[in-house]
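# Residue-level structure breakdown
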Amino acid sequence: MTSQDYDCIVIGAGVHGSFTAYNLAKKSKKTIILEQFLLPHSRGSSHGQTRIIRKAYDQDYYTHMMHECYELWEQLEKEANVKLHRRTGLLVMAPEHGKDYSALKCSMQRNNVPMVILPREQFSQHIPHVNLSQGNAALVDTTAGVLYADRTLKTVQEQFQKLGGVIKDGQKVIDITPGSVVTVTTSGGVYRAKSLVITAGPWANTLLSHTGLQIPLKVLKINVCYWREKVPGSYNIQHRFPCFIQLGSEEAKHDIYGLPSNEYPGLMKICYHSGSETEPDERDRQTDREDIDILQRYITRCFPGLVPVPAIVESCMYTVTPDLNFVLDQHPIHRNIIIGAGFSGHGFKFGPIVGKLLSELSQEEVPSYDLTPFRIGRFQAHSKSAL
Ligand SMILES: Cc1cc2nc3c(=O)[nH]c(=O)nc-3n(C[C@H](O)[C@H](O)[C@H](O)COP(=O)(O)OP(=O)(O)OC[C@H]3O[C@@H](n4cnc5c(N)ncnc54)[C@H](O)[C@@H]3O)c2cc1C
Ligand SMILES: O=C(O)[C@@H]1CCCCN1
């Protein structure tokens, strides 16, 4: 038998690789994370100060996973004695008679997600400084809030290391040799393990090309825009301003979303839930700003208390699948290679549960949830039926 150095190698120290490694270390598995950049870095998808956490989803399986996931976030907070999230509520605004709004509302009712419906005549009393669009309805997912993203990564990586886990940053994986013992070659060394987890974010297909697999993923550059409050504090987290999602606005084909001013005093984060395609290593050469024009028009109309010119624009990337569902699966041929990819701009909140599931797959345990929506095989079925 060939010797191996680790039980598991995890490629990528984003939110999903970090939580997977942490779960493996909790099972006393000898685990190493290989990360191409020096940590912390802002070149992938998990950096930045904040993300939205919520239970409001129109698919039951996401809401079901979030029920447990909230508990796992709290467990980590207790274990590390650090605050990783803050409840603000999530305001959902959408055309009242559109199918998105009714699907979401029905799913929340079906799954007992605490919610408040805001009748139009009471809207401005609860949500000042926002104009609810004509024909729109509004509800609040009261479980929702803000996750502290950078702080999460630091915390989960520290907890992993406390459990004996090893992180090697500045080590780009340049080759993978599948087998009953997987060999991974980086710019700095050669590593072997019984199983491999690939959580490489926008670089997933680059890594998978070493294993003879490609999945239909698109990488989008997202302009992360912050907008200045005309009157400081109007949209502030301390004044209980919520996160929001605007489904189906007159300006935009895709959703618009925002988080209360918090991390940068006086600035509220509002972004477009789409962007232009990019190569992950060429992110900063993608300079398309069509999304910012859309946001300016929306903000002028609906958020009159913000200066409609972005004060800060940062960059992030989405890695999207055709159906916007994640990929959580074993490699179809090399079963000891596990893939977590295509988190489609909504994966962060699931970090603890994705980590649990990917660690289960890598140990050939029965996964805690039905992974049918996340299987790689769904893409094959899709392309076959399209023929
Ligand atoms: C602007 C924006 C807003 C978002 N908002 C939300 C939100 O409100 N709520 C929510 O739940 N989610 C949100 N998301 C989505 C969430 O942030 C992502 O789904 C999640 O961060 C993806 O994490 P990841 O670990 O898959 O990828 P990444 O964080 O990109 O991690 C992959 C890692 O792999 C490393 N890597 C790649 N190739 C190699 C290699 N060859 N060798 C070694 N290392 C390698 C990379 O350097 C990187 O560190 C948002 C995303 C963006 C961009
Ligand atoms: O995952 C989320 O909750 C948000 C919703 C809006 C778009 C960005 N992601």
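Scoring rules and cut-offs
- Residues numbered from 1 in each chain as written.
- Chains lettered and ligands numbered in written order.
- Predicted model: local features only at pLDDT ≥ 70, side-chain atom pairs only at ≥ 80, totals over all residues.
- Heavy atoms only, no water.
- UniProt positions renumbered as here; feature names shortened; annotations may be inferred.
- Helix = DSSP H or I, 4+ residues; strand = E, 2+ residues; numbered from the N terminus.
- Phe/Tyr/Trp six-rings, centres within 6.5 Å; stacked < 30°, edge-to-face > 60°.
- Buried < 20%, exposed > 50% of the residue type's maximum accessible area, 1.4 Å probe, protein only.
- Lys NZ or Arg CZ within 6 Å of the ring centre and 35° of its normal.
- Core = buried A, V, L, I, M, F, W, Y, C linked by side-chain atoms within 4.5 Å.
- Contact = heavy atoms within 4.5 Å.
- Domains from an automatic or database assignment.
- Buried area = accessible area lost by both parts, 1.4 Å probe.
- Salt bridge = Lys/Arg side-chain N within 4 Å of Asp/Glu carboxyl O.
- Polar contact = N/O pair within 3.5 Å; in protein donor to acceptor, adjacent residues only side chain to side chain.
- Nonpolar A, V, L, I, M, F, W, Y, C, P; charged D, E, K, R; others polar.
- Near = heavy atom within 4 Å.
- Areas by Shrake-Rupley, 256 points an atom, 1.4 Å probe, with all protein chains shown as cover.

### A few points about the UniProt feature "domain: FAD dependent oxidoreductase" (unreviewed entry) in the protein
- In the numbering used here, UniProt assigns the "domain: FAD dependent oxidoreductase" (unreviewed entry) feature to residues 7-361.
- Helix makes up 27% of residues 7-361 and strand 31%, with an end-to-end C-alpha separation of 13 Å.

### A few points about the packing of aromatic side chains
- With the rule as written, the count across this model stands at 21 aromatic pairs.
- The interplanar angle of 85 degrees and the centroid separation of 5.7 Å between the aromatic rings of Tyr61 and Phe374 together place this pair among those described as edge-to-face. Taken together, the residues Tyr61 in helix H2 (residues 60-80) and Phe374 in the loop between helix H8 (351-362) and helix H9 (377-386) connect sequence positions 313 residues apart.
- Centroid distance Tyr62 to Phe374: 5.8 Å. Interplanar angle 55 degrees. Geometry classified as tilted. With Tyr62 in helix H2 and Phe374 in the loop between H8 and H9, the pair connects residues that are 312 residues apart, well separated along the chain. Of the two residues, Tyr62 and Phe374, both sit in the buried class.
- Positioned above the aromatic ring of Tyr70, the side-chain terminus of Lys55 is 5.2 Å from the ring centre.
- A cation sits over an aromatic face here: Arg151 above Tyr148, 4.9 Å from the ring centre.

### Looking at the nonpolar core
- If you look at the biggest cluster of nonpolar residues, it comprises 42 residues, and the most contacted ones within it are Trp73, Leu328 and Phe350.
- Looking at this core, the elements with two or more residues in it are strand E1 (6-11), helix H1 (15-26), H2, helix H5 (149-162) and H8.
- Among the elements that line this core, the one with the most residues is H2, at eight residues.
- When neighbours within four sequence positions are excluded, Phe350 is seen to be in contact with His16, Tyr57, Tyr62, Met65, Met66, Cys69 and Phe326.

### Details of the domain arrangement of the protein
- Annotation of the protein at the domain level lists domain 1 (2-46 + 150-214 + 322-385) and domain 2 (90-142 + 218-319).
- For domain 1 versus domain 2, the distance between C-alpha centres works out to 31 Å.
- Each side of the interface is counted separately: domain 1 has eleven residues, and domain 2 has ten residues.
- Summing the contributions of domain 1 and of domain 2, the shared interface buries around 940 Å²; its carbon and sulfur component is 44%.
- Looking only at domain 1, the three residues that lose the most surface to domain 2 are Arg43, Pro202 and Trp203, adding up to 46% of its buried area.
- There are one salt bridge connecting domain 1 and domain 2.
- Asp284 is the salt-bridge partner of Arg43, the closest N and O atoms lying 3.1 Å from each other.
- Counting every contact that joins domain 1 to domain 2 gives six residue pairs in polar contact (both at pLDDT 80 or more).
- The residue inventory of the side of domain 1 that touches domain 2, partitioned by class, reads three nonpolar, seven polar and one charged.

### Some details on unusual backbone geometry
- Here the bond from Leu39 into Pro40 is cis, since omega is -5 degrees, no more than 30 degrees from zero.
- Mapping Pro40 onto the fold places it in the loop between strand E2 (31-34) and strand E3 (50-53).
- Despite not being glycine, Ser28 shows a phi value in the positive range, around 65 degrees.
- In this structure, Ser28 sits in the loop between H1 and E2.

### Notes on the site of ligand 1
- Not every one of the 37 residues close to ligand 1 is listed here, only the nearest: Glu35, His41, Ser46, Ile52 and Cys316.
- The side chain of Glu35 places a nitrogen or oxygen atom 2.6 Å from an oxygen atom of ligand 1.
- Surface burial for ligand 1 is 96%, taken as the share of its 1000 Å² of free accessible area covered by protein chains.
- Contributing elements (two or more residues each) for the shell around ligand 1: H1, E3, strand E13 (218-229) and strand E18 (306-320).
- Per element, the largest residue contribution to the shell around ligand 1 is three residues, and it comes from E18.
- Tallied by class, residues from the shell around ligand 1 come to 19 nonpolar, 14 polar and four charged.
- Structurally, the shell around ligand 1 is a two-domain feature, drawing no fewer than three residues from each of domain 1 (2-46 + 150-214 + 322-385) and domain 2 (90-142 + 218-319).

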